[in-house]
Amino acid sequence: MRTTLTAKRSRQALSGLLLLTLLLGGFGQAWAQPFAYSVNSRGFLEADQMHLLWRVNLATGQAEAIGATGFLDMEGLAFDSAGVLFGADDESKTLLTLNLNSGNGIPIGNTKTNMNVPIGQAMDFGLTLTCDDQLLVVSDYRQSLFTADATSGQLVRIGTEGSLGAPITGIAAWGSQVLGIGQGINADGNLDAPNLYRINIDTAEAELIGPLGSQVSPYANAGLAFDADGRLWAVTDRRDNGEPDLASEILRIDIQTGSAQKIADADVVGFESLAIAAPGGCQLQGGPAAAMTIPTNNRFGLGLLSMFLLLLSGWTLHTRQR
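Residues numbered from 1 in each chain as written. Predicted model: local features only at pLDDT ≥ 70, side-chain atom pairs only at ≥ 80, totals over all residues. Heavy atoms only, no water.

A. Layout of the overall build of the protein chain. When helices and strands are counted, the protein chain shows two helices and 19 strands. For the protein chain, the residues scored as buried account for 48% of the 322 residues in total. The long-range share in the protein chain, meaning contacts at least 24 apart out of those at least 6 apart in sequence, stands at 52%. Taken as a whole, the protein chain presents about 15300 Å² of accessible surface, with 53% of it coming from carbon and sulfur. (Helix = DSSP H or I, 4+ residues; strand = E, 2+ residues; numbered from the N terminus. Buried < 20%, exposed > 50% of the residue type's maximum accessible area, 1.4 Å probe, protein only. Contact = heavy atoms within 4.5 Å. Areas by Shrake-Rupley, 256 points an atom, 1.4 Å probe, with all protein chains shown as cover.)

B. Broad picture of the environment of Asp 227. As for its position among the elements, Asp 227 is in the loop between strand S16 (219-226) and strand S17 (232-238). As a C-alpha pair, Asp 227 and Gly 280 span 53 residues in sequence and 7.9 Å in three-dimensional space. A polar contact of 3.0 Å, which involves the side chain of Asp 227, links it to the backbone nitrogen of Gly 230. (Polar contact = N/O pair within 3.5 Å; in protein donor to acceptor, adjacent residues only side chain to side chain.)

C. Representation of the state of the cysteines. The full count for this structure, using the stated rule, is one disulfide. Put simply, Cys 131 and Cys 282 are joined by a disulfide, and their sulfur atoms are 2.1 Å apart. With the S-S dihedral at roughly -90°, the linkage between Cys 131 and Cys 282 falls on the left-handed side. Remark: Cys 282 occurs in the loop between strand S19 (260-269) and helix H2 (299-321) and Cys 131 occurs in the loop between strand S8 (125-129) and strand S9 (135-139); sequence separation between them is 151 residues. (Disulfide = S-S within 2.5 Å.)

D. How the structure looks around the pairing of strand S15 (residues 205-211). Note that strand S14 (residues 195-200) and S15 share six bridges and pair antiparallel. Directly across from Asn 200, in S15, lies its bridge partner Glu 205. If you look at the hairpin formed by S14 and S15, you'll find four residues sitting between the two strands, and Ala 204 has a positive phi there, around 60°. (Pairing = 2+ DSSP bridges.)

E. Broad picture of the nonpolar core. Grouped together as the largest cluster of nonpolar side chains are 17 residues, with contacts concentrated most on Ile 181, Leu 196, Leu 212, Leu 224, Leu 232 and Ile 253. Put simply, the parts of the chain that give this core at least two residues each are strand S12 (168-174), strand S13 (177-182), S16, S17 and strand S18 (247-253). Ranked by residue count, the leading element in this core is S16, at four residues. Ala 88, Val 117, Met 123 and Ala 148 belong to the second-largest nonpolar core, a separate cluster that totals 16 residues. (Core = buried A, V, L, I, M, F, W, Y, C linked by side-chain atoms within 4.5 Å.)

F. Region of the structure containing the pairing of strand S2 (residues 52-57). Of all six residues in S2, five are buried, a share of seventy percent or more. Across five bridges, S2 lies against strand S3 (residues 63-68) in antiparallel orientation. Looking at S3, one finds that Leu 52 is bridged to Ala 68.

G. A look at the confidence of the model for the protein chain. Per-residue pLDDT for the protein chain averages 82, and the proportion of residues at 70 or more is 71%. A low-confidence stretch, residues 2-8 stays under pLDDT 50, and its non-local contacts, those more than four residues away or across chains, total three contacts. Considering only residues more than four positions removed or in separate chains, one finds that residues 13-32, a stretch of pLDDT under 50, has 36 contacts. (pLDDT = per-residue confidence, 0-100.)

H. Region of interest: the sheet that holds strand S4 (residues 74-79). If you trace the four strands from one edge of the open sheet to the other, you get S4-S5-S6-S7, paired in antiparallel fashion. If you trace the sheet from one side to the other, it starts and ends with S4 and strand S7 (105-107), each paired once. Here the average twist between neighbouring strands, direction ignored, is 30°. Sheet analysis places strand S5 (residues 85-89) next to strand S6 (residues 94-98), joined by five bridges and oriented antiparallel. (Axes fitted to C-alpha atoms, helices over the stretch in contact; angles between N-to-C directions.)

I. Spotlight on the packing of aromatic side chains. Using the criterion set out here, one finds two aromatic pairs in the structure. With a centroid separation of 5.7 Å and 75° between ring planes, the pair formed by Tyr 37 and Phe 79 is classed as edge-to-face. Linking Tyr 37 in strand S1 (residues 35-39) with Phe 79 in strand S4, this pair joins segments that are 42 residues apart in sequence. The exposure class of Tyr 37 is buried, given its relative accessible area of 15%. Ring geometry for Trp 174 versus Phe 226: centroids 5.6 Å apart, planes at 40°, classification tilted. Highlighted residues: Trp 174 in strand S12 and Phe 226 in strand S16, separated in sequence by 52 residues. Relative accessible area serves as the criterion here: at 18%, Trp 174 is assigned to the buried category. We note Arg 55 situated over the ring of Phe 35; from NZ or CZ to the ring centre the distance is 4.0 Å. Here the guanidinium or amino end of Lys 112 rests over the ring plane of Phe 71, the centre of that ring lying 4.8 Å away. (Phe/Tyr/Trp six-rings, centres within 6.5 Å; stacked < 30°, edge-to-face > 60°. Lys NZ or Arg CZ within 6 Å of the ring centre and 35° of its normal.)

Right under this line is the structure:
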């Protein structure tokens, strides 16, 4: 009788763990499509719908407005290792942080125009942070790479003016590698073939990886970011004959070839910035690889943990029935 009761309870535990695995592990691919943050800097919307921070479902394009940033041309967004969201505003040449609950932007040092760049100088920023929280800023107009001081906002150019040799409009870091996405429309208003590049942050030189390909519609600017699992995403600010009235496209990019897959159209037009997760791939930088851990802060990690517990419970049941 005792053996029968033990076996019954074990079967109940197995059923519960299996259900948990299905719910959290998601035998589908829902976990693979993360949420992201972006700001609509362009587009024909009502005034109260412009220049907002949005939370975007990268699988569907559905966007939820968080609130006004207080800045007119946010072109770069990126998280640091502590989860602080940084932004780069081209209209005021300001480095800032954003409140994830309200969307409100606060200039670094409480000072606007803190990048030490003339207001009238066109830049078109992209922004990322490395594993050591170094702020990197790119300008597609100047085809140059900069570091930004996290306490003052001031930019310092790396290498020589124009050393990138390409109009790179968005950048993203994973471990020690930094990638950039080319601008779709150049400074003369002509279409460029959009490409993915690998950037040497010591010399500020760019190496072509490959074209994004035929799935990508013409765009003016783009945001670029890695998710927590090392997948590369982009969001594009699309234009038709100079009119920024088309839905932004969400792309996933192969980092080996540069080829992009269109995932969805966003609900909102004018996205040209993208932030998804804190700097990733950092355990691969220097020294031995870190011990494998189960990432229990996402559904995939929880699914793995549930599967492990399921197998352990089955082994325990088998042992007791012997």
